[in-house]
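# Fold and contact review
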Amino acid sequence: MLTIAIEYLTGYAVATDAANRDKPEWPPHPARVFMAMAAAYFQTGEDQAQREALLWLEKLPEPPTIFASDADTRAAVTHYVPVNDELDGAYSVSMFHKRVARAFPRVRPHNPCVYLHWPTETPAPAALQAIGGLCETVTRIGHSSSLVRMWAGDFAPPIVAADDAQAAPLQAWTPDSNADDQRLRTVSDGALNDLQRRFRAQERAEYDEIAALQKTGTPKQKKQAKADLAQRFENVYPQPVRPEFNITTGYQVAVASAETAQSIWSERLL
């Protein structure tokens, strides 16, 4: 088995629902967790073992079961922030730079820990080590204020009993193609390569190299660098492109209820 664990260090999860920008996302979608791990991979040197581990994760035939507690939605506050896509190569933000309204929906989970669990999938020892090492480099899931600690291993999530007064119980969100309690974004084969194209790491490295040459090179090199920046980049720093995951999976929430007479028919027959 494989479990990826997440602890929200501030007690809040700050992430926007992809279908409704005014609503928070809870529990965290598997695709969002994968994106956070991919971002850490890109920003820490693109270790080959970690790449192979991410490719293994994206090819798993079934999405994970998610163990998460209930959460309280906090009132959203509107902020006015600069538009990142309009920043120039020097990353300058003037006092009069265009700002747009943004809200950062958040929730306060009753239990700060969330677990993504694959009960029938166990990676090879090297892959498990790579996944664990990658998780240790993830600092946030969602907004930059949504700080987390992550770890992974071959263990079952520590389910908290509902009658435990010291900790909030965790609910099991199980993937079910017939369930529509909530649809969560999941990943599929090719997700990492798509994120790599959108991250535009190579283009940004090339821009930085040319921009540095424009400042420190010979007069001839500076002239050529200026022309290259105008021709290849139109003097605009290549910003990462917002990722889009359109594949969703229905999830059913297992909620404890009083014992009642049972039937062989599913409660979701219709």
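Figured I'd write up the structure that's included with this text.

Conventions we followed
- Residues numbered from 1 in each chain as written.
- Predicted model: local features only at pLDDT ≥ 70, side-chain atom pairs only at ≥ 80, totals over all residues.
- Heavy atoms only, no water.
- Helix = DSSP H or I, 4+ residues; strand = E, 2+ residues; numbered from the N terminus.
- Buried < 20%, exposed > 50% of the residue type's maximum accessible area, 1.4 Å probe, protein only.
- Contact = heavy atoms within 4.5 Å.
- Polar contact = N/O pair within 3.5 Å; in protein donor to acceptor, adjacent residues only side chain to side chain.
- Pairing = 2+ DSSP bridges.
- Phe/Tyr/Trp six-rings, centres within 6.5 Å; stacked < 30°, edge-to-face > 60°.
- Axes fitted to C-alpha atoms, helices over the stretch in contact; angles between N-to-C directions.
- Parallel < 35°, antiparallel > 145°, perpendicular 65-115°, else oblique.
- Nonpolar A, V, L, I, M, F, W, Y, C, P; charged D, E, K, R; others polar.
- Left-handed = near helix turned anticlockwise from the far one by under 90°.
- Core = buried A, V, L, I, M, F, W, Y, C linked by side-chain atoms within 4.5 Å.

### Quick word on the overall build of the protein chain
- For the protein chain, the helix and strand inventory stands at six helices and 14 strands.
- Residues classed as buried in the protein chain amount to 40% of the 270 residues present.
- Counted over contacts in the protein chain with a minimum sequence separation of 6, partners at least 24 positions apart contribute 80%.

### Comments concerning the side chain of His-117
- Within the secondary structure, His-117 sits in strand β10 (residues 113–118).
- Side-chain polar atoms of His-117 contact the side chain of Thr-3, separated by 2.7 Å.
- Setting aside residues up to four positions removed in sequence, His-117 forms contacts with Met-1, Leu-2, Thr-3, Pro-64, Thr-65, Phe-67, Phe-155, Ala-156 and Pro-157.

### Description of the pairing of strand β5 (residues 65–68)
- With burial as the criterion, each face of β5 is covered, one bearing Thr-65 and Phe-67 and the other bearing Ile-66 and Ala-68.
- Note that β5 and β10 share three bridges and pair antiparallel. Along β10, the bridge assignment pairs Ile-66 with Leu-116.
- Sheet topology places β5 next to strand β12 (residues 171–175); three bridges connect them, and they run antiparallel. Bridge pairing links Ala-68 to Gln-171 in β12.

### Topic: the packing of aromatic side chains
- One pass over the structure, following the stated rule, counts four aromatic pairs.
- Ring plane angle 75 degrees and centroid distance 5.2 Å describe the contact between Tyr-207 and Phe-233, whose orientation is recorded as edge-to-face. You can see Tyr-207 sitting in helix α5 (residues 201–216) and its partner Phe-233 sitting in helix α6 (residues 219–233), a full 26 residues away along the chain. The same class applies to Tyr-207 and to Phe-233, which are both buried.
- Look at Tyr-207 and Tyr-237: their rings are 5.1 Å apart centre to centre, the planes differ by 85 degrees, and that puts the pair in the edge-to-face class.

### Regarding the packing of helix α1 (residues 30–43) against helix α3 (residues 125–137)
- Viewed as axis vectors pointing N to C, α1 and α3 meet at an angle of 85 degrees, and their least axial separation amounts to 9 Å. Taken together, the axis directions place α1 and α3 in an arrangement best described as roughly perpendicular. Between α1 and α3, the residues in contact are Met-37, Ala-40 and Tyr-41 and Ile-131, Leu-134, Cys-135 and Thr-137, respectively.
- Residues of the contact of α1 with α3, tallied by class, amount to six nonpolar, one polar and no charged.

### Comments concerning the packing of α1 against helix α2 (residues 48–58)
- Relative to each other, α1 and α2 sit at 165 degrees, their axes nearing to 11 Å. Classed by the angle they form, the pair α1 and α2 counts as roughly antiparallel. By crossing handedness, the relation of α1 to α2 is classed as left-handed. Within the contact between the two elements, α1 uses Phe-34, Met-37, Ala-38 and Tyr-41 and α2 uses Gln-50, Arg-51, Leu-54, Leu-57 and Glu-58.
- Class assignment of the residues belonging to the contact of α1 with α2 gives a composition of six nonpolar, one polar and two charged.

### Re unusual backbone geometry
- The amide bond that connects Trp-26 to the next residue, Pro-27, takes the cis arrangement and shows omega of -5 degrees.
- Position of Pro-27 relative to the elements: it lies in the loop between β4 (20–24) and α1.
- Positive phi values are uncommon outside glycine, yet Glu-234 reaches one of about 55 degrees.
- On the secondary structure map, Glu-234 appears in the loop between α6 and β14 (248–254).
- Classification of Glu-234 by relative accessible area gives exposed; the value is 63%.

### Overview of the nonpolar core
- Ile-4, Ile-6, Met-37, Leu-57, Ile-141 and Met-150 are the most contacted members of the largest nonpolar core, which totals 43 residues.
- In terms of residues, this core owes the most to one element, α1, which gives 10 residues.
- Once you skip the residues sitting within four places of it in the chain, Ile-141 turns out to touch Ile-6, Tyr-8, Val-14, Arg-32, Val-33, Ala-36, Ser-146, Val-148 and Met-150.
- If you look at the next biggest cluster of nonpolar residues, it comprises seven residues, including Tyr-207, Ile-210, Ala-211 and Ala-225.

Shape is all these values report; function is a separate question.
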